[in-house]
Amino acid sequence: MDWPHSVSPEELLQKARVAQQAAYVPYSAFPVGAALLTEGGDVITGCNVENASYGLALCAERNALTTAVARGEKKFAAIAVVGRSGEACLPCGACRQFMAEFNPALLVVLEEGPEPLIYHLDLDLLPHPFALRSEELTND
Ligand code: THU
């Protein structure tokens, strides 16, 4: 795939791996790391954070997205997500919708075998996101 960004998919996966080490997962023992690439070339990471009230678990992707927005970033080019080593960790439906809010065409980088696996959020993972109005979700 044509990758027009200064941070490579491999580097993004590596940063997600580092973020994964901070995961708080006493209930699932399933650590996830995410690394979000801004249009400006910055990388903001997140990990999953669980709770004794299981349903409150915060996914790594939404942790990265909310951290980025709190820092004033809203334009994203790509996100890398890692779970079990070597297995694609596909984002859950809630995280796909959360990503689409900011960029319906976000690139999603996963680890599967030796080469990064790159999906288009709009084409591959969430072709029809919820929107209050059909024209509402844009990357402008
Ligand atoms: N999890 C994520 O962090 N991202 C996802 O897209 C799916 C699941 C987390 C939530 C929970 O802490 C653990 O993985 C097991 O479901």
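Here is what the cut-offs are and how they apply
Residues numbered from 1 in each chain as written. Predicted model: local features only at pLDDT ≥ 70, side-chain atom pairs only at ≥ 80, totals over all residues. Heavy atoms only, no water. Axes fitted to C-alpha atoms, helices over the stretch in contact; angles between N-to-C directions. Helix = DSSP H or I, 4+ residues; strand = E, 2+ residues; numbered from the N terminus. Parallel < 35°, antiparallel > 145°, perpendicular 65-115°, else oblique. Left-handed = near helix turned anticlockwise from the far one by under 90°. Contact = heavy atoms within 4.5 Å. Nonpolar A, V, L, I, M, F, W, Y, C, P; charged D, E, K, R; others polar. Patch = residues over 30% accessible without salt bridge, like charges linked within 9 Å, V, L, I, M, F, W, Y side chains within 5 Å. Areas by Shrake-Rupley, 256 points an atom, 1.4 Å probe, with all protein chains shown as cover. Salt bridge = Lys/Arg side-chain N within 4 Å of Asp/Glu carboxyl O. Buried < 20%, exposed > 50% of the residue type's maximum accessible area, 1.4 Å probe, protein only. Near = heavy atom within 4 Å. Polar contact = N/O pair within 3.5 Å; in protein donor to acceptor, adjacent residues only side chain to side chain. 1 Å grid on protein atoms, 1.4 Å probe; cavity = no way out; pocket = protein on both sides within 12 Å on 5 of 7 lines; lining within 4 Å. Sits in = over half its atoms within 2 Å of the grid points. Pairing = 2+ DSSP bridges. Points joined across faces, edges and corners; volume = space filled by probe spheres on them.

## Overview of the packing of helix α2 (residues 60-70) against helix α3 (residues 93-102)
Packing of α2 against α3 leaves a shortest axis separation of 9 Å and a crossing angle of 25°. Of the possible angle classes, the one that applies to α2 and α3 is roughly parallel. Between α2 and α3 lies a crossing of left-handed hand. In this structure, α2 uses Glu61, Arg62, Leu65, Thr66 and Val69 to contact α3, whose residues at the interface are Ala94, Cys95, Phe98, Met99 and Phe102. For the contact of α2 with α3, the per-class residue count stands at 7 nonpolar, 1 polar and 2 charged.

## Quick look at a nonpolar patch on the surface
A surface patch of nonpolar side chains, about 500 Å² in accessible area, is lined by Tyr24, Tyr27, Val49, Tyr54 and Leu58. Residue position: Tyr24 is located in the loop between α1 (9-20) and β1 (33-38). We classify Tyr24 as partly exposed; its relative accessible area is 45%.

## What about the site of the ligand?
What surrounds the ligand is the set Ser28, Phe30, Val32, Asn48, Glu50, Cys59, Ala60, Glu61, Pro91 and Cys92. Between Ala60 and the ligand, the recorded distance is 2.9 Å, taken from a backbone N or O atom to an oxygen atom. Glu61 has a polar side-chain atom sitting 2.7 Å from an oxygen atom of the ligand. Considering the ligand on its own, with 380 Å² of exposed area, one finds that the protein chains cover 79% of that surface. More than half of the atoms belonging to the ligand lie within 2 Å of the grid points that define the largest pocket.

## Section: the sheet that holds β1
Pairing is mixed in the open sheet, where 5 strands are placed in the order β2-β1-β3-β4-β5. Lying at the two open borders of the sheet, with one neighbouring strand each, are β2 (43-47) and β5 (116-120). For this sheet the average axis-to-axis angle between neighbouring strands, irrespective of direction, equals 20°. Along the sheet, α2 makes contact with β1, β2 and β3 (76-82), crossing β2 at roughly 135°.

## Thoughts on the layout of surface pockets
For the largest pocket, the calculated volume is near 170 Å³. Residue composition of the lining of the largest pocket, by class: 11 nonpolar, 2 polar and 2 charged.

The values reported here are purely geometric and, on their own, carry no functional implication.
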